Amino acid sequence: MPTIAVVNQKGGSGKTTTVINLGAALALEGAKVLVVDLDPQGSASSWLGCEETESDRGIWDVLVNQKSLRSVVEPTPVKGVELARFSSFLVGLDVALASQPGKGTRLRDAISDLTDPGWDYILVDCPPTLGMATINALAAAERALVTVEAHVLALRGVAQLWQTLETVRERLNPSLGIAGILICRFDARTRHAKEIRASLVERFGNLVLPTVIRENVRLAECPSFHQSIHQYAPRCTGSEDYRKLAEQLAQKD
């Protein structure tokens, strides 16, 4: 049951879009997928039509109150995909866990405690910060999938993120691997996008995935309908790209 943390500390890099549509693509191939929403903005939860309630704080209760992961999982409109919902309380996670033992491994412990999880993949949607939620995701993950917007300002953020990955390896998760660097919002008509890809390949080599997620307005539209791109526009380039990504990741397992 691979756990993959989809990560970048920069907002707008395609993390949530990738978690939802990659998860749905894996489910189309028969996999059962759990999405863990660690972003206090709750974009993945909102996309899947699962809103916050006063009585249930979702993944917050797992990380802070050490409830079982299974107890906060709910179904979604995407067949084969379940969700551990966000909580707006996650914005205060660093403070809540500051003096707690094992604060960086709460999610890993919760996954380890599952006796019969029933999922083939766990995809973790990380917040656009390098705080305690992201540390928990990376400590729990077998692999990190780094999403990068095809824009020059994104390059500096990748270098900073790489330092965080190395720190987590040294202190919490020595087996953490890299699923790859995924370029999102790629417009092949522009020289700029091609130069960004070339720069990433020059620095990171074959860690840059051959599949890119091409710019597509359908990807921006489908969250409004609580659907994955494969439900909303199955013949568009966005659906094609995420199916290819799912195939590549499945081949590595």
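See the structure printed just above.
Quick notes on the rules
- Residues numbered from 1 in each chain as written.
- Predicted model: local features only at pLDDT ≥ 70, side-chain atom pairs only at ≥ 80, totals over all residues.
- Heavy atoms only, no water.
- Helix = DSSP H or I, 4+ residues; strand = E, 2+ residues; numbered from the N terminus.
- Buried < 20%, exposed > 50% of the residue type's maximum accessible area, 1.4 Å probe, protein only.
- Contact = heavy atoms within 4.5 Å.
- Areas by Shrake-Rupley, 256 points an atom, 1.4 Å probe, with all protein chains shown as cover.
- Lys, Arg positive; Asp, Glu negative; His and termini not counted.
- Charge placed at Lys NZ, Arg CZ, Asp CG, Glu CD.
- Salt bridge = Lys/Arg side-chain N within 4 Å of Asp/Glu carboxyl O.
- Pairing = 2+ DSSP bridges.
- Axes fitted to C-alpha atoms, helices over the stretch in contact; angles between N-to-C directions.
- Core = buried A, V, L, I, M, F, W, Y, C linked by side-chain atoms within 4.5 Å.

Regarding the overall build of the protein
Consideration 1: When its secondary structure is counted, the protein shows eleven helices and seven strands.
Consideration 2: Summarising its shape, the C-alpha atoms of the protein cover approximately 50 × 40 × 30 Å along the three principal directions.
Consideration 3: Within the protein, the proportion of its 253 residues that are buried is 55%.
Consideration 4: Across the protein, the fraction of contacts at a sequence separation of at least 24, relative to all contacts at a separation of at least 6, is 80%.
Consideration 5: Just so you have it, the protein exposes about 11300 Å², and 49% of that area is on carbon and sulfur atoms.
Consideration 6: Each charge class in the protein was averaged separately, 27 positive and 29 negative side chains, and the resulting centres sit 5 Å apart.

So, helix H6 (residues 132-140)
Consideration 1: H6 sits mainly inside the fold: nine of its nine residues count as buried.
Consideration 2: All of the buried residues in H6 are Met132, Ala133, Thr134, Ile135, Asn136, Ala137, Leu138, Ala139 and Ala140.

Considering the pattern of salt bridges
Consideration 1: The full count for this structure, using the stated rule, is ten salt bridges.
Consideration 2: With a shortest N-O distance of 2.9 Å, Arg189 and Asp187 are connected by a salt bridge.
Consideration 3: By relative accessible area, which is 76% here, Arg189 ends up exposed.
Consideration 4: Across the pair Arg214 and Asp241 runs a salt bridge, and its minimum N-O distance is 2.7 Å. Here Arg214, found in the loop between helix H8 (191-204) and helix H9 (217-221), pairs with Asp241, found in helix H11 (residues 237-251); they are 27 residues apart in sequence, far enough to count as distant.
Consideration 5: Looking at Asp241, the relative accessible area reads 2%, which means it is buried.

Description of the sheet that holds strand E2 (residues 33-37)
Consideration 1: The mixed open sheet is built from seven strands, whose spatial order is E3-E4-E2-E5-E1-E6-E7. Single-partner strands in this sheet number two, and they are strand E3 (73-75) and strand E7 (177-184). Between one strand axis and the next, the sheet turns through 25° on average, direction left out of account.
Consideration 2: Pairing analysis gives four bridges linking E2 to strand E4 (residues 81-84), with the strands arranged parallel.

Concerning the nonpolar core
Consideration 1: Judged by nonpolar contacts, the single largest core of 54 residues is most densely connected at Leu38, Ile59, Leu69, Leu93 and Leu165.
Consideration 2: Beyond its immediate stretch of four places on either side in the chain, Leu69 contacts Leu34, Ile59, Val62, Ala84, Ala110, Ile111 and Leu114.
Consideration 3: Counting residues in each nonpolar core, the second largest holds 36 residues, with Val6, Val33, Leu123 and Leu219 among its members.

Let's talk about the side chain of Lys15
Consideration 1: Relative to the elements of secondary structure, Lys15 occurs in helix H1 (residues 15-28).
Consideration 2: The side chain of Lys15 is buried and forms no salt bridge, while Asp125, the nearest opposite charge, is found at 5.9 Å.
Consideration 3: Discounting chain neighbours no more than four positions away, the residues touching Lys15 are Val6, Val7, Asn8, Lys10, Asp125, Cys126, Pro127, Pro128 and Thr147.

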